Amino acid sequence: MADDDAFVRLLRLKDTMTPWALRAAVTLGVPDLVADGEKDVSELAERSGTVPGALGRVLRLLARRGVFTEPAPGVFGPTGLSRLLQGDHPRSMRPWLDLEGPVARGDRTCVHILEALRTGGPVHERAYGRPVWDDLAARPELGAAFDAAMAQRASWIAGDVAAGFDWSAVRHVMDVGGGTGVVLAEVLRARPGLKGTLFDRAPTVAAGHGAWGASDAGQRCTFSSGSFFDTLPSGADACLLVNVLHDWADEHALTVLRRCAEAVGPQGRVLIAEHLVEEGAGGPGAAGLAELDLVMMLVYGGRERRLDELAELAGRAGLRVGEVSVTPRGLSLVVCEAEASAASG
């Protein structure tokens, strides 16, 4: 009986079709098509440009998984899960599953996992002919979709970053690799006397300026573009890195930290917000973080890190890890100071 139980567990782990059936249904817009009620598969196929018999087989699997209902053969309706897949849901998962978008497009590189294991990754170039960042830059529509997905993710943690760090001693914060500035805008709204700089690629910063540049927070912000591998703008006494370092291998992450340390000077601070890997099996989110770690390797060439690994990189950049806290969502907030400043203090 024990072998039978193990066999069933392994079958669930090897599930081949559900992840791709889910992505296909989202890409075709099926959750939106059934949002207002049950629909026959023939209507769904006509409206999604698919073959009824083939679509029905996909939706039947997803109904068995609880994504849709199937109250009668070939009739499918919405569930609480499918609501989260609708494009208009405030926490929609559509940007993460749409096969025509940049995130799920990156998921397709997983078929090259053996090559990644033999080379250390990434394998995005093997799949698409260009490294992921070059791919996003070469295709503006993909870049914009990526920025939108990252902005949505940032909105989930912006409040934690704004409330979790001690901003009382900060005069001017530069959000390095801050995307469209969702987190920075929240920080500036929470701290009316604080000034900010949003720093990222030019199209991304332009989108951020268009979204909130005219607001009160935007009036206290400088919108600046460039590469965080080069010299950063001066004037800030704190650099903020939110889910930036895990995008990069150690040598690139080290360069980013060095540029931040140079920008804020010996009395400044570098504030890092990332989901850090716990020792051992970890908590309830450990499996998800381990999965994300593989995605970072395959697609971006980055990695999720433990606190000691982050501290080692910080030390090589002339920084020392000080206060560390963890938000209820499991986001680690790490304060780094220049080693000379930390020693004198």
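Okay, so let's go over this structure. (Residues numbered from 1 in each chain as written. Predicted model: local features only at pLDDT ≥ 70, side-chain atom pairs only at ≥ 80, totals over all residues. Heavy atoms only, no water.)

Glancing now at the nonpolar core. Ranked by size, the top nonpolar core spans 30 residues in total, and within it V176, L241, L257, V270 and I272 carry the most contacts. Breaking this core down by element, the ones donating at least two residues are β4 (172-176), β7 (238-242), α16 (250-264), β8 (269-274), α18 (307-316), β9 (319-326) and β10 (332-338). Setting aside residues no more than four positions away along its own chain, L241 makes contact with V176, V256, L257, C260, V270, L271, I272 and A273. One finds A154, L184, F223 and V335 within the second-largest nonpolar core, a separate group that totals 29 residues. (Core = buried A, V, L, I, M, F, W, Y, C linked by side-chain atoms within 4.5 Å. Buried < 20%, exposed > 50% of the residue type's maximum accessible area, 1.4 Å probe, protein only. Helix = DSSP H or I, 4+ residues; strand = E, 2+ residues; numbered from the N terminus. Contact = heavy atoms within 4.5 Å.)

Take the pattern of salt bridges next. Evaluated as defined, the whole model comprises 24 salt bridges. A salt bridge links D160 to R329; the shortest N-O distance between them is 2.9 Å. Separated by 169 residues along the polypeptide, D160 in helix α12 (residues 140-164) and R329 in the loop between β9 and β10 bring together distant segments of the chain. Exposure remark for D160: the relative accessible area of 13% places this residue in the buried category. For E262, the salt bridge is made with R259, and the minimal N-O distance between the two is 3.1 Å. On the criterion of helical spacing, the pair formed by E262 and R259 is a turn pair, its members being three residues apart in helix α16. (Salt bridge = Lys/Arg side-chain N within 4 Å of Asp/Glu carboxyl O.)

The subject of this paragraph is the sheet that holds strand β1 (residues 39-40). Strands sit in the order β1-β3-β2 across an open sheet of three strands; the sheet is antiparallel. What marks the edges here is a single partner per strand, and that holds for β1 and β2 (69-72). Alignment of β1 against strand β3 (residues 75-77), held across two bridges, turns out to be antiparallel. The residue of β3 that forms the bridge with K39 is F76. (Pairing = 2+ DSSP bridges.)

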